[in-house]
Every structure is written in C-alpha cells, then in structure tokens.
Amino acid sequence: MQSVMNALTLNKKTWVRRAFARTLFVAAVSLSGSLIAAEPDYRSPSHLIRSTAGDVLYVAESTANTIACVTVPDGKIKRRYPCKTTPTGLTLTKDDTTLYVTAGGPSGHILVFDALSGKQQRRFKVGHSPTAPVLSKDQKTLYFCNRFDNSVTAIDTVTGKRLNSVQVKREPVSAILTPDGNFLLVVNHLPAGAANANYVAASISVISLKTFRVHKEIDLPNGSNGLRDIVLSKDGRYAYITHVLARYQLPTTQLERGWVNTNAISILDLETMTRLTSFLLDDIDQGAANPWGIALSGNGRILAATHAGSHEVSLIDYEALHKKIAESDPEQIPNDLSFLAGIRQRIKLKGLGPRSGVFVDDDFYTAQYFTDNIGRIRSCSERPQSENLELGPTIAMTEIRRGRMLFNDGSFCFQQWQSCTSCHPSERVDALNWDILNDGIGNPKNTKSLLYSHMTPPTTVTGCRANAETSVRAGIRFFMAVLPESDALAIDAFLKSMRPVPSPHLQDGRLSAQAKRGRAVFKKAKCGQCHSGPYYTDMKRHRVGTGTAREKGTAFDVPTLIEIWRTAPYLHDGRARTIKDVITTFNTSDEHGYTEDLSDQEIDDLTNYVLSL
C-alpha cells in the first residue's frame, strides 16, 4: 500500500510543470473508449504482443501515441514507432517483419510498420474506433473490430481495400481466429437489448469467414458484462474470456461473498460452439476486481489472467483446472468462490492497472497502464514474484490521472470485489438494472453514464442526489470503502475532464442530411422543452409515463442526450432497447415528446438526429 501512495505523491515542482503541460493537450480516444487528454509524459501501456521468436515485445502506449519495441529479457527500449493517434491494438505477421496497428478514434486507421526498422509503410483509413486486429491464416486479410460501429471489417493487407463487413452485438473489443481459419471469435464488451429482461448478458459472436456472416451468438452467464480478452487453448479446443459477472438481480445490501460484482473467466467448447462453463477468479473473502488480459503459456501448463482493478495476476494450473471442471457440477461452478483453491496462485504486481498480457517461455508480461511499465512474473519459480520493466522515467500523477486511477482501482474496495468501473465501464454504462437502495428497495434502475454528470445536476434516475459530488461520495461509502476527501476530489476532477466521443452516426464530423431533417422534427415534437440547453437537459424531473404501477406518478431526471448513442438501453428501467423504442413503443401517450402523429420517415429522421448528438 505504501508503494501505491508513493506513486501518487505529487511534489510542487512536478505539479506546476504538469499543470502547464495539460493546457497543451491533444484529444485522443483511449483503449477504454473515453476521450482523454493525450499527455506525452505518460505512456499508459495498454496492449502488448510478442514476436514469434520471443525476443521482442511490442507495446501500445496509448496516451503517448507510440509503439515501444522492448527486447526481452533485458527490458531495453530498442526503438519507438510514432502513431500520431492512439494505438488500440497490435498484430504481427508470422515472420515478424510487419506490424499492423489499429489506431485513432472517430477517424480510425490501420498503420502498417516495418517491424525491424520502425518505418511506417502504409496507412489505411478504416472508419470509427478500430481495434483488435487479426491476420488471416494466409496473411492476406486483416480483420478488425470497429468498436462503436458494432461491426467487424476485413481488408486486403496490401491495398487496404475493404473486402467485407458484418454487424455484431455491441462494442466488439477483442477477436481471435480459430486454428482452422474458418471462424473469427469476437468478444462483445457489453450486453445488447433491454435491461428489464430476466436474462441480460454479453455474448461472443462467431463469424463464419466463408460467408462473413454471424454463424452463432454464444451467450455468457446472466449478468456477464465488461468482457475484455480472449485466448485459445494450445490444441484449439477451448476459448477463454475474461469478464465481470454482475449479481444485478440481488439488492446491493452487502459486498461480502460477491453479492454485487464477481469476476470470472468463461470457457467455450469450440467443437460444439457452446459455453462449457464459467468460473470465478475471486476467493471467498477476496475479490479479483476487473479481469482484463488472458494468456496461456507456451507449454500449455499455465493460464494467466490479469486483475486490472486489484493489480494482480492469477496463475492457474491448466491441467488441474480442466480436471476439476470435469469432476464438478457445471451449474454450481459459476457460484463457487472456492473453485480455484489449490490450483491457482495470486501474484500481487508492483505496478498499477494491468491490461493485456503475454507469455515468453515461462515468463508472463503485462502492460501496467497507470505506472508506465511492464510487469514480469517468472511463473516457473517456486514462489513467483513480480518485477517491473520501466518504459520511461517515473512521473507523479496529476489530479486528473490520479482520479482516473482511483476510478479503476478495486484495491481500496472492501475485499477487492469491484471498482467504480465495474458498474460504469469506460465511465458509462454496464447496460444493467441495479437496486441500489437510494430510493427504496425492489425498484431497480438502469445504470447512468457519468459523462457530464457534474455539469447536469441532480444525479441518479430519480434525482435523489443533489449533484455528482454527492453521488461520488455516496458510491465510495456504500459500494467501495472509506476514502479521504482528497481521493473523492481527484475522482471528481477526472469525471469533469471527460469529453464525449463523436458519434459514429456523423458524416465527416457533421450532421447527415437525415439528421438535419431530424433536428427539425426534434423542434416539431417539442423534445427541446425538456432536452434543452448545451447539454440537452433542463436538469429537472418530469413524469413521462414510464413508471411501474408501484412508481406511478414518479418523476424522472432528464438525462443529457450527448453521447446517448452509446448508452443503451434507455428509460429508467432500461426497457427501451433503442432510441426508436423510446419515441414509439414507450411513448404512446405523448408524455415523452409529441411523437404519436409523426410519420415513419420523421421517426427515423428524429432517431438519427438524437443518435448523432
């Protein structure tokens, strides 16, 4: 704990220098999907891959907008490749000669580097929010996810010509090719659909590369969200996915024993294309907040998973894991907090915020976002210990960066079960309804985005918190632990610094012709009576006819419409899957704007306008 506090200590000279530097920031979209200040002094490693030979690591430094080429085991920086925009994913050709990088946000690109010299050879414009590049078996096609377009795209690796595209469920963030090259497994970050259903979970989209269509959707357990990474077993039989497993159907009365959020790995059987089981990374009295990266050792003996919130790595005996699965009741495994007892080691890292990880021989490496270094664990040793490979000089955290770290930090939560980002991934929504007891019990409400929350009081769906400052402190007190006021102020500063990601519905950053028509419909339907001002909210509560019988007459806070395109589902209980559902299915009495008499074309135009904000 003392080492963490040391890392957060700011001396006056550094603070002044960094405060001046912040006035010169360049906007960039980070791996988490937030618009942030690209501060060159921070490196923020988020993703790494290894060369086939195993002598080099390529590290995406997301706020420095560079790729670091690090030799191992000595940890020396061989060179850096400038990207100009935020790198979000990496892949190498089999011969280690060509490096493909997904980069940028709304104006995304594929950058092609000579991996030996670091010279950029080609640059392809590929649309909004590309990430997770994967090469085909013949190396002629590059597949990647367009996270906020909810799509997967294929391009020619030489010309950059778009070959195919297919829509998937919601926010694809990771992908992997099956060994036969016939299918692409795509990890969807969040659940899609209404939140008031009995089953709400994110899924894995299985794309047939012969037809380039979704062959199958494999749902994870109820409550699965915040999916991050995927890896295959050595024989290609199984796939392993890291994710949060929310217990959202329970009232949030206690943190103990995972009553709010647990943290898991799900296993897919690729022979049957079904989920084999899911197991918890948590222990009975110690959570493993926010699992992120996952990797398998070269000999197939160790499955490693990073815990981004509790700053740890789990090293799991692979053979013992599958033996225990075969001997256990698969229905009980996802709820067994002692399942990994005796077959897993939890290693505390010396850095903060581990993201993706890889094995080189028996050594496990992970990108440590908040301390600008790479963590290494020698897993074959009798007592594995963590050590750091530095990517640059240690720089004290600014108030905003410290707040970002605290928002993602589960180590100060009681028993490490969760962090703020467990329910607000990327500071937005988890697409779930929670009964958080601030307005009674038995009336769950949909998670709200925190974007502009400090600028648009009151907060919470029913407006029962006067402002975001009150909500931040209540969230810490009731769902985390006791923190000093200085930490709450840092979280405030971070949340206030957030900026919206431009909508994928815009055309070259501007409203389309349809959205412009929709803007006129917005006025005609008098939507602006409540969604007014620069944040598209009058910051008041209104009755809109969507309460349950128990909530009859309840007035709900008017949310900002800015970035509403990424915060589905909608209304107080998430009953509306889409914005179109809000203004049609759930507005039959014109209590939520005068939309009942609009034509089908006007409805479509209005929907497009709202989704463009």
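Further up the page is the structure itself.
Residues numbered from 1 in each chain as written. Predicted model: local features only at pLDDT ≥ 70, side-chain atom pairs only at ≥ 80, totals over all residues. Heavy atoms only, no water.

Draft legend 1. Fine view of the overall build of the protein chain. Counting secondary structure elements, the protein chain contains 10 helices and 35 strands. Counting only C-alpha atoms, the protein chain reaches 65 × 60 × 55 Å along its principal axes. Total accessible area on the protein chain is roughly 24500 Å²; 52% of this is exposed by carbon and sulfur atoms. Taking the average place of the 71 positive charges on the side chains of the protein chain and the average place of its 62 negative ones, the gap between the two points comes to 6 Å. (Helix = DSSP H or I, 4+ residues; strand = E, 2+ residues; numbered from the N terminus. Areas by Shrake-Rupley, 256 points an atom, 1.4 Å probe, with all protein chains shown as cover. Lys, Arg positive; Asp, Glu negative; His and termini not counted. Charge placed at Lys NZ, Arg CZ, Asp CG, Glu CD.)

Draft legend 2. The arrangement of the sheet that holds strand 31 (residues 386-390) in detail. Pairing is antiparallel across the open sheet formed by 4 strands, whose spatial order is 28-29-30-31. Where the open sheet ends on each side, the last strands, each with one partner, are strand 28 (354-360) and strand 31. For this sheet, the mean angle separating the axes of adjacent strands, direction not counted, is 25°. Strand direction decides the pairing type here: strand 28 and strand 29 (residues 363-368), joined by 5 bridges, are antiparallel. (Pairing = 2+ DSSP bridges. Axes fitted to C-alpha atoms, helices over the stretch in contact; angles between N-to-C directions.)

Draft legend 3. Region of the structure containing the pattern of salt bridges. According to the stated counting rule, one finds 26 salt bridges in the structure shown. Its salt-bridge partner being Glu-61, residue Arg-43 comes within 2.9 Å of it at the nearest N-O pair. Pair noted here: Arg-43 is in the loop between strand 2 (35-38) and strand 3 (45-50) and Glu-61 is in strand 4 (residues 56-61), with a separation of 18 residues, a long-range link. Looking at Arg-43, the relative accessible area reads 15%, which means it is buried. (Salt bridge = Lys/Arg side-chain N within 4 Å of Asp/Glu carboxyl O. Buried < 20%, exposed > 50% of the residue type's maximum accessible area, 1.4 Å probe, protein only.)

Draft legend 4. The pairing of strand 6 (residues 77-82), seen in detail. Relative to strand 6, strand 5 (residues 66-71) is paired through 5 bridges, and the arrangement is antiparallel. The residue of strand 6 that forms the bridge with Val-70 is Ile-77. In this structure, the hairpin formed by strand 5 and strand 6 is closed by a connection of 5 residues, where Gly-75 is found at a positive phi of approximately 75°.

Draft legend 5. Local environment of the sheet that holds strand 17 (residues 203-208). Taking strand neighbours across the sheet as the criterion, the 4 strands line up as 15-16-17-18 in an open arrangement whose pairing is antiparallel. Of all the strands in the sheet, just strand 15 (172-177) and strand 18 (213-219) have a single pairing partner and so form its edges. With direction set aside, neighbouring strand axes in the sheet form an average angle of 25°. As defined by bridge partners, strand 15 adjoins strand 16 (residues 183-188) across 5 bridges and the pair is classed as antiparallel. Bridge pairing in strand 16 links Ile-176 to Leu-185.

Draft legend 6. Structural context of unusual backbone geometry. With an omega dihedral of 0°, the bond running from Pro-457 to Pro-458 counts as a cis peptide bond. The residue Pro-458 is located in the loop between strand 33 (445-446) and helix 6 (468-479) in this model. Between Ala-568 and the following residue, Pro-569, the backbone shows a cis peptide bond with an omega angle of 0°. Along the chain, Pro-569 falls in the loop between strand 35 (556-557) and helix 9 (579-583). For Ser-129, which is not a glycine, the phi torsion comes out positive at approximately 50°. Counting through the fold element by element, Ser-129 comes out in the loop between strand 10 (120-127) and strand 11 (130-135). By relative accessible area, which is 7% here, Ser-129 ends up buried.

Draft legend 7. The arrangement of the packing of helix 4 (residues 399-407) against helix 7 (residues 485-497) in detail. Packing of helix 4 against helix 7 leaves a shortest axis separation of 7 Å and a crossing angle of 100°. With respect to each other, helix 4 and helix 7 are oriented roughly perpendicular. Touching Glu-399, Ile-400, Arg-402, Gly-403, Arg-404, Leu-406 and Phe-407 of helix 4 are Ser-486, Asp-487, Leu-489, Ala-490, Ile-491, Ala-493, Phe-494, Leu-495 and Ser-497, all from helix 7. Class assignment of the residues belonging to the contact of helix 4 with helix 7 gives a composition of 9 nonpolar, 3 polar and 4 charged. (Parallel < 35°, antiparallel > 145°, perpendicular 65-115°, else oblique. Contact = heavy atoms within 4.5 Å. Nonpolar A, V, L, I, M, F, W, Y, C, P; charged D, E, K, R; others polar.)

Draft legend 8. Representation of the environment of Leu-190 within the structure. In this fold, Leu-190 is placed in the loop between strand 16 and strand 17. Taking relative accessible area as the criterion, Leu-190 reaches 3% and is therefore assigned buried. Not counting residues up to four positions away in its chain, the partners in contact with Leu-190 are Arg-170, Glu-171, Ala-202, Gly-226, Pro-425, Val-429 and Asp-430.

Draft legend 9. Seen up close, helix 7. Taking 1.5 Å of rise per residue, the 13 residues of helix 7 would be expected to cover 18 Å, and the 18 Å separating its terminal C-alpha atoms lies within 8% of that figure. At its buried positions, helix 7 is contacted by helix 4 and helix 6. (Expected span 1.5 Å × (residues − 1).)

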